Amino acid sequence: MNEYSCAAPDLNLDPQHYSFWMPPDDRSVLTGPDQTPVPLPQIPLPLERKAACREPSDNVIGNGVYDYLRRFPECPHGVEYAELLRDAYPHFLADLAANLVMLDAKEVEPAYILRKLSGLRVLRLLEPENTGLLWQLAQGYYGLAMLFSELPRVRRHLLDAMRFGLELVRKLPDHPAALNLLAEIDLLFGDYPSACVRLRRLLAQLNDPGAADRIAEKLRACEEVGYPDHPRIDDLEAIGEAMLACGENDFDRALYLLERLEVDDDFLEEFSSADFFYMLGRCRLETGDRAGAFEALSRSLTIAPDHELARSTLDSF
């Protein structure tokens, strides 16, 4: 096996599961019903270690490149890997597109949303000017960031949403949905002046009176508030920290973080969540405050009467 990692140890993003193989100059793979030869690019190719051998088969090469690129779509040589799949292994891209359609058709867990976003990033390697893909990525990462279960990773997801949104408005400066999304991200990071700039640009192009009124109201609120005393993302990350503390059975720490937010009326008005009050109730129950737990769980069910965990916990009192 010709390991590339010896020459460039920082190239491999997962050395436990992948190794790199440098194809010889004359190596091709066969594709299509006519078995047309496609020369391999002269770059290190990722192979799954469990399938690695001294002279990998065409299937081993394709599977390794496809799996690695889906996991690390912005890896070194990512564009070349995507082009190799397009030219020599088009069935992998067809499979990727079919999975994206399937995931669009139903509500899925965060792990599947991440898989979809990774697939979109792979497709974008082949279509860097496709603004539709950019918009799907921007709104996808924003939506992921706002899921309660993803709050431990909220900053990372928002930064990805911002990155793709900014790239989109560089290509389409007056894209209304992107301007609105970027303004929402600015507000979460406490950058009210930038949010105002985007909202003014958005307001100037709206023809729908109802939408214009909503954006104008949001703009007035931004101008009146100015800089907040702390960015709202700090509060979202506090919930994420509380979730991690619960996972470590440190309920005292989690309760401290959640009760600080419970008394913030502005936060609760903006981010009222049944999951928040369920977690607060669970922490109070674990720390011996049954009355406080009952109150929090009841508030959770007031927001979402079908919240199964809150209902089952409350029924056990």
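As the structure is a computational prediction, the values presented were derived from the model and not from experiment.

Structural notes on the side chain of D67
Stage number 1. One can find D67 in helix α1 (residues 58–71).
Stage number 2. The buried category is assigned to D67, whose relative accessible area is 17%.
Stage number 3. Leaving out residues up to four positions away in the same chain, D67 has contacts with Y18 and E48.

Regarding the pairing of strand β3 (residues 36–39)
Stage number 1. By the bridge criterion, 4 bridges tie strand β2 (residues 28–31) to β3 in an arrangement that is antiparallel. Directly across from V29, in β3, lies its bridge partner V38.
Stage number 2. Two successive antiparallel strands, β2 and β3, enclose a turn made up of 4 residues, where G32 displays a positive phi of approximately 80°.

What about the packing of helix α2 (residues 78–88) against helix α4 (residues 110–126)?
Stage number 1. α4 packs onto α2 with a crossing angle of 85° between their chain directions and a minimal axis gap of 8 Å. Taken together, the axes of α2 and α4 lie roughly perpendicular to each other. Residues G78, V79, A82, E83 and R86 of α2 form the contact with α4, whose own contacting residues are V122, L125 and L126.
Stage number 2. Looking at side-chain class alone, the contact of α2 with α4 contains 5 nonpolar, 1 polar and 2 charged residues.

Overview of the environment of R49
Stage number 1. Among the secondary structure elements, R49 is positioned in the loop between β4 (45–48) and α1.
Stage number 2. By relative accessible area, R49 is classed as partly exposed at 37%.
Stage number 3. Once the C-alpha coordinates of R49 and G64 are considered, the two residues, 15 residues apart in sequence, prove to be 8.9 Å apart.
Stage number 4. In this structure the side chain of R49 is engaged in a polar contact, spanning 2.7 Å, whose partner is the backbone oxygen of P15.

Some points on the confidence of the model for the chain
Stage number 1. Scored by pLDDT, the chain comes out at a mean of 91, with 93% of its residues at no less than 70.
Stage number 2. Within the chain, helix α3 (residues 90–104) has the poorest average pLDDT of any element, 83, and helix α6 (residues 154–171) the best, 98.
Stage number 3. In the predicted structure, residues 1–9 sits below a pLDDT of 50 and forms 17 contacts with residues beyond four places in sequence or in another chain.

Parameters and conventions
Residues numbered from 1 in each chain as written. Predicted model: local features only at pLDDT ≥ 70, side-chain atom pairs only at ≥ 80, totals over all residues. Heavy atoms only, no water. Helix = DSSP H or I, 4+ residues; strand = E, 2+ residues; numbered from the N terminus. Buried < 20%, exposed > 50% of the residue type's maximum accessible area, 1.4 Å probe, protein only. Contact = heavy atoms within 4.5 Å. Pairing = 2+ DSSP bridges. Axes fitted to C-alpha atoms, helices over the stretch in contact; angles between N-to-C directions. Parallel < 35°, antiparallel > 145°, perpendicular 65-115°, else oblique. Nonpolar A, V, L, I, M, F, W, Y, C, P; charged D, E, K, R; others polar. Polar contact = N/O pair within 3.5 Å; in protein donor to acceptor, adjacent residues only side chain to side chain. pLDDT = per-residue confidence, 0-100.

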